[in-house]
Amino acid sequence: DTAVSQTPKYLVTQMGNDKSIKCEQNLGHDTMYWYKQDSKKFLKIMFSYNNKELIINETVPNRFSPKSPDKAHLNLHINSLELGDSAVYFCASSRQGEIGYTFGSGTRLTVV
Amino acid sequence: KNQVEQSPQSLIILEGKNCTLQCNYTVSPFSNLRWYKQDTGRGPVSLTIMTFSENTKSNGRYTATLDADTKQSSLHITASQLSDSASYICVVSSWGGATNKLIFGTGTLLAVQP
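These numbers come from a predicted model, not from an experiment.

## Considerations on the overall build of chain B
Stage number 1. Broken down by element type, chain B carries zero helices and eleven strands.
Stage number 2. Tracing chain B from N to C terminus, the helices and strands come up as β-β-β-β-β-β-β-β-β-β-β.
Stage number 3. For 114 residues, the compact-globule estimate of 2.2 N^0.38 gives 13 Å, and the C-alpha radius of gyration of chain B, at 14 Å, lies within 12% of that figure.
Stage number 4. If one aligns the C-alpha atoms of chain B with their principal axes, the spans along those axes are about 45 × 30 × 20 Å.
Stage number 5. For chain B, with 114 residues in total, the buried portion stands at 45%.
Stage number 6. Residue pairs in contact within chain B that sit at least 24 positions apart in sequence constitute 56% of those at least 6 positions apart.

This is the structure in structure tokens:
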């Protein structure tokens, strides 16, 4: 019955690899987000999708590509991983016109 | 520049005591202010959400205040419990026309000791 679920919870990979993080929400929300939380615990938005359409794309390297196959899913694909990509990535969702956000439990990515 | 600053950075209190966390922001246009609690290894969970016209809002032992004139907010925790140990993040929402953008503070790490 998890509202916003991310997989995997932990991901350890080598530099240069390509990896994906999946996110699914069962709240019926129409907007989904990806946030990055760095080592200083600072959360920063990366992307936002509304009804499968990209509406926010902050300054993020092109190696990061979000994909939203439907309103309930927003996946994050990362190419050519770098050490600096190590962080916790949070997926979140909301309903347009409402101010409540629901966050997933995060994916801790470690690039070695 | 839109910014949210929190103080203190970290705080240790004894179980049963009260504490107050501070948040100052320079965000425009202002939409609303939220306080989140983030347990270790978990995603942020909303405690309170306040719009421009709201001065105070409570959620159990958590009471948030908002002074939109001075652009300050506080989160007061009453009769702290061990389970209150977490990061508390102040988030200000800015309406950008088509989207609501969240600006996160860096959080206050609270440790409640027995």
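## Points about the pattern of salt bridges
Residue and element names in this part refer to chain A.
Stage number 1. Inspection of the entire model under this criterion finds five salt bridges over all chains.
Stage number 2. The residue Arg63 makes a salt bridge to Glu82 at a minimum N-O spacing of 3.5 Å. Here Arg63 is found in the loop between strand S6 (53-57) and strand S7 (64-70), whereas its partner Glu82 is found in the loop between strand S8 (73-78) and strand S9 (87-94), with 19 residues between them in sequence.
Stage number 3. Salt bridges sharing common partners tie together Arg63, Glu82 and Asp85.

## Things to note about the state of the cysteines
Residues and elements named next belong to chain B.
Stage number 1. By the definition in use, this model includes two disulfides over all chains.
Stage number 2. Residue pairing for Cys23: its cysteine sulfur links by disulfide to Cys90, the two sulfurs lying 2.0 Å apart. On the S-S bond that ties Cys23 to Cys90, the torsion sits near -70 degrees, and the link is left-handed. Of this pair, Cys23 sits in strand S3 (residues 19-26) while Cys90 sits in strand S9 (residues 86-95), placing them 67 residues apart in sequence.
Stage number 3. A relative accessible area of 0% places Cys23 in the buried class.
Stage number 4. According to the relative accessible area criterion, Cys90 is buried, its value standing at 0%.

## A word on the interface of chain B and chain A
Stage number 1. On the side of chain A, 18 residues touch chain B, which itself brings 18 residues to the contact.
Stage number 2. Summed over both sides, the interface between chain B and chain A buries roughly 1,500 Å², with carbon and sulfur atoms accounting for 59% of that surface.
Stage number 3. Secondary structure elements with two or more residues in the side of chain B that touches chain A: strand S4 (30-38) and strand S10 (100-104) of chain B.
Stage number 4. Split by residue class, the side of chain B that touches chain A holds seven nonpolar, eight polar and three charged.

## Examining the side chain of A:Gln37
Stage number 1. Note that A:Gln37 resides in strand S4 (residues 31-37).
Stage number 2. Of the residues examined, A:Gln37 reaches a relative accessible area of 4% and is grouped as buried.
Stage number 3. Polar side-chain contacts of A:Gln37 include one of 3.0 Å to the side chain of B:Gln38.
Stage number 4. With sequence-adjacent residues up to four places away left out, A:Gln37 is seen in contact with A:Phe42, A:Leu43, A:Ala87, A:Val88, A:Phe90, B:Gln38 and B:Ile89.

## Side note on the layout of surface pockets
Stage number 1. In this structure, the largest pocket encloses a volume near 540 Å³.
Stage number 2. Lining the largest pocket we find 28 residues, and of these A:Gln37, A:Asp38, A:Lys41, A:Arg108 and B:Gln38 sit closest to its centre.
Stage number 3. Looking at the lining of the largest pocket, its residues break down into seven nonpolar, 14 polar and seven charged.
Stage number 4. Approximately 340 Å³ is the volume found for the second largest pocket.
Stage number 5. Forming the walls of the second largest pocket are 13 residues, and the residues nearest its centre are A:Phe42, A:Lys44, B:Asn2, B:Ile103 and B:Phe104.
Stage number 6. Looking at which element gives the most residues to the lining of the second largest pocket, the answer is S10(B), with four residues.
Stage number 7. Its residues assigned to classes, the lining of the second largest pocket comprises seven nonpolar, two polar and four charged.

Reading the values: rules and limits
- Residues numbered from 1 in each chain as written.
- Chains lettered and ligands numbered in written order.
- Predicted model: local features only at pLDDT ≥ 70, side-chain atom pairs only at ≥ 80, totals over all residues.
- Heavy atoms only, no water.
- Helix = DSSP H or I, 4+ residues; strand = E, 2+ residues; numbered from the N terminus.
- Rg over C-alpha atoms; globule rule 2.2 N^0.38 Å.
- Buried < 20%, exposed > 50% of the residue type's maximum accessible area, 1.4 Å probe, protein only.
- Contact = heavy atoms within 4.5 Å.
- Salt bridge = Lys/Arg side-chain N within 4 Å of Asp/Glu carboxyl O.
- Disulfide = S-S within 2.5 Å.
- Buried area = accessible area lost by both parts, 1.4 Å probe.
- Nonpolar A, V, L, I, M, F, W, Y, C, P; charged D, E, K, R; others polar.
- Polar contact = N/O pair within 3.5 Å; in protein donor to acceptor, adjacent residues only side chain to side chain.
- 1 Å grid on protein atoms, 1.4 Å probe; cavity = no way out; pocket = protein on both sides within 12 Å on 5 of 7 lines; lining within 4 Å.
- Points joined across faces, edges and corners; volume = space filled by probe spheres on them.

Spatial relationships are all this shows, so hold off on functional conclusions.
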